[in-house]
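Letter by letter, the chains look like this.
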Amino acid sequence: MTDTTDTPAWTLRPGRLADVEPIAELRAEVMRPDLVRLGRYDEHRVRRRLRDTFSTRYTSVVEVGGILAGCVTVRPHERGGRLLEHFYLSPAHQGRGLGTAVLRHVLAQADAVPAEVRLVVVQGSAARRLYERHGFAVEAQDPVDVYLLRPVGGGPVSPGR
């Protein structure tokens with residue numbers, strides 16, 4: 001599954017229990033700069049949140065050359081549609097189109113259902129631009145988090161949603 005010649009060849013495989021700790025470490029590494037900037041970094045809590053919500057049913061591991069390069073979790077959302085969470089790529093694989101390729105794949109699956117997709121990013125996260133380029137818009141926000149919604153097909157978000 002590749003998107004462009006610059007994007008490395010990648011695959012998605014189901015998450016396994018053995019993936020929990022490597023993904024918890026990846027989360028801590030990827031989230032650290034934003035959480036430090038917000039004064040919210042806690043080296044134990046950042047890993048615990050992943051451990052507490054990890055699901056082999058909903059988590060996929062992104063591999064490049066057979067090696068863990070990231071992960072993404074897509075589960076049913078309590079208000080309908082899908083919740084995209086725990087979408088992390090190792091810094092070595094960022095900025096090369098891999099995040100875009102994986103996100104397009106995930107969104108195509110949601111559109112096939114069809115289902116709207118929600119996610120949460122921390123304030124000031126560079127990932128927010130990626131999501132907005134793919135049809136996500138702000139649904140709500142607070143001093144730490146921005147709640148984004150992508151309607152089915154990525155069209156405009158209806159007022160009052």
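Quick note: structure is the one above.
Keep in mind it's a predicted model, so treat the numbers as computed, not measured. Residue positions are given per chain, counted from 1 along the sequence in the order it is written. Restriction of local features to residues with pLDDT of at least 70 applies here, the model being predicted, together with a cutoff of 80 or more for giving and counting side-chain atom pairs; totals for whole chains, interfaces and linings are based on all residues. Derived side-chain values reflect all non-hydrogen atoms in the structure, with water molecules and hydrogen atoms excluded from consideration.

**Some words on helix α2 (residues 45-53)**
An α-helix turns once every 3.6 residues. As a result, residues three or four positions apart point the same way. As a reminder of what qualifies: We call a residue buried when its accessible area falls under 20% of the maximum for its residue type, exposed when it is over 50%, and partly exposed in between, using a 1.4 Å probe and counting protein chains only. Numbering goes from the N terminus for both helices and strands, where a helix is a DSSP run of H or I of at least four residues and a strand is a run of E of at least two. As used here, the arc is the angular range of directions from the helix axis to the C-beta atoms. In what follows, residue pairs with any heavy atoms lying within 4.5 Å of each other are defined as contacts.
Along α2, the residues classified as buried are Val-46, Arg-47 and Leu-50. Taken around the axis of α2, the buried residues stretch over an arc of 95°, which confines them to a single face. Those residues of α2 hidden inside the fold are in contact with α1 (20-37) and β4 (82-89).

**Let's talk about the pattern of salt bridges**
It is possible for side chains bearing opposite charge to pair when their charged atoms get close. Selection criterion: The rule for a salt bridge is simple: a side-chain nitrogen of Lys or Arg has to be within 4 Å of a carboxyl oxygen of Asp or Glu.
Applying the stated rule across the entire model yields 11 salt bridges. Between Glu-85 and Arg-75 there is a salt bridge; the shortest N-O distance is 2.5 Å. In this pair, Glu-85 sits in strand β4 while Arg-75 sits in strand β3 (residues 67-76), placing the two residues 10 residues apart along the sequence. For Arg-75, a relative accessible area of 16% gives the class buried. Here Glu-139 makes a salt bridge to Arg-118, at a shortest N to O gap of 3.0 Å. Taken together, the positions of Glu-139 in strand β6 (residues 137-141) and Arg-118 in strand β5 (residues 117-122) put the pair 21 residues apart, joining distant regions of the chain.

**Focus: the side chain of Arg-47**
Relative to the helices and strands, Arg-47 resides in helix α2. You can call Arg-47 buried: its relative accessible area is 17%. Not counting chain neighbours up to four residues away, the residues in contact with Arg-47 comprise Ala-24, Glu-25, Ala-28 and Tyr-41.

**A word on the layout of surface pockets**
Filter applied, for reference: For each structure, a 1 Å grid was placed over the protein atoms alone; sets of points admitting a 1.4 Å probe that cannot get out are labelled cavities, open sets with protein on both sides within 12 Å along at least five of seven lines are labelled pockets, and lining residues have an atom within 4 Å of a point. Grid points are joined across faces, edges and corners, and a volume is the space filled by probe spheres set on the points. For this scheme, ten residues count as nonpolar: Ala, Val, Leu, Ile, Met, Phe, Trp, Tyr, Cys and Pro. Four count as charged, namely Asp, Glu, Lys and Arg, and the remainder, Gly too, count as polar.
By volume, the largest pocket amounts to about 1100 Å³. Partitioning the lining of the largest pocket into residue classes produces 20 nonpolar, 8 polar and 11 charged.

**As for the environment of Arg-27**
Heads up, the condition is: Two N or O atoms form a polar contact when they lie within 3.5 Å of each other; inside protein one atom must be a possible hydrogen donor and the other a possible acceptor, and for residues adjacent in sequence the pair counts only when both atoms belong to side chains.
The topology assignment puts Arg-27 in helix α1. Sequence separation between Arg-27 and Gly-70 is 43 residues; the distance between their C-alpha atoms is 9.1 Å. Excluding its chain neighbours within four sequence positions, the residues that come into contact with Arg-27 are Arg-32, Val-46, Arg-49, Leu-50, His-86 and Tyr-88. Of the polar contacts made by the side chain of Arg-27, one reaches the side chain of Tyr-88; its length is 2.7 Å.

**A word on the sheet that holds β6**
Hydrogen bonding along the main chain pairs the strands of a sheet, whether they run parallel or antiparallel. Put simply, the rule reads: For two strands to be treated as a pair, DSSP must find at least two bridges joining them. Think of each axis as a best-fit line through the C-alpha atoms, taken over the contacting stretch in the case of a helix, with angles from 0 to 180 degrees between the N-to-C directions.
Pairing in this open sheet of 7 strands is mixed, and the strands run β1-β2-β3-β4-β5-β7-β6 from one edge to the other. Looking along the sheet, the strands with just one partner apiece sit at the ends: β1 (11-14) and β6. For this sheet the average axis-to-axis angle between neighbouring strands, irrespective of direction, equals 30°. By the bridge criterion, 2 bridges tie β4 to β5 in an arrangement that is parallel. Among the inter-strand pairings, Leu-83 is bridged to a residue of β5, identified as Arg-118. The strands that α1 touches are β2 (59-64), β3, β4 and β5; relative to β4, the one it contacts most, it runs at about 85°. Contacts between helix α3 (residues 98-112) and the sheet are confined to β1, β2, β3, β4, β5 and β7 (145-150), with β4 contributing the most and set at about 165° to the helix.

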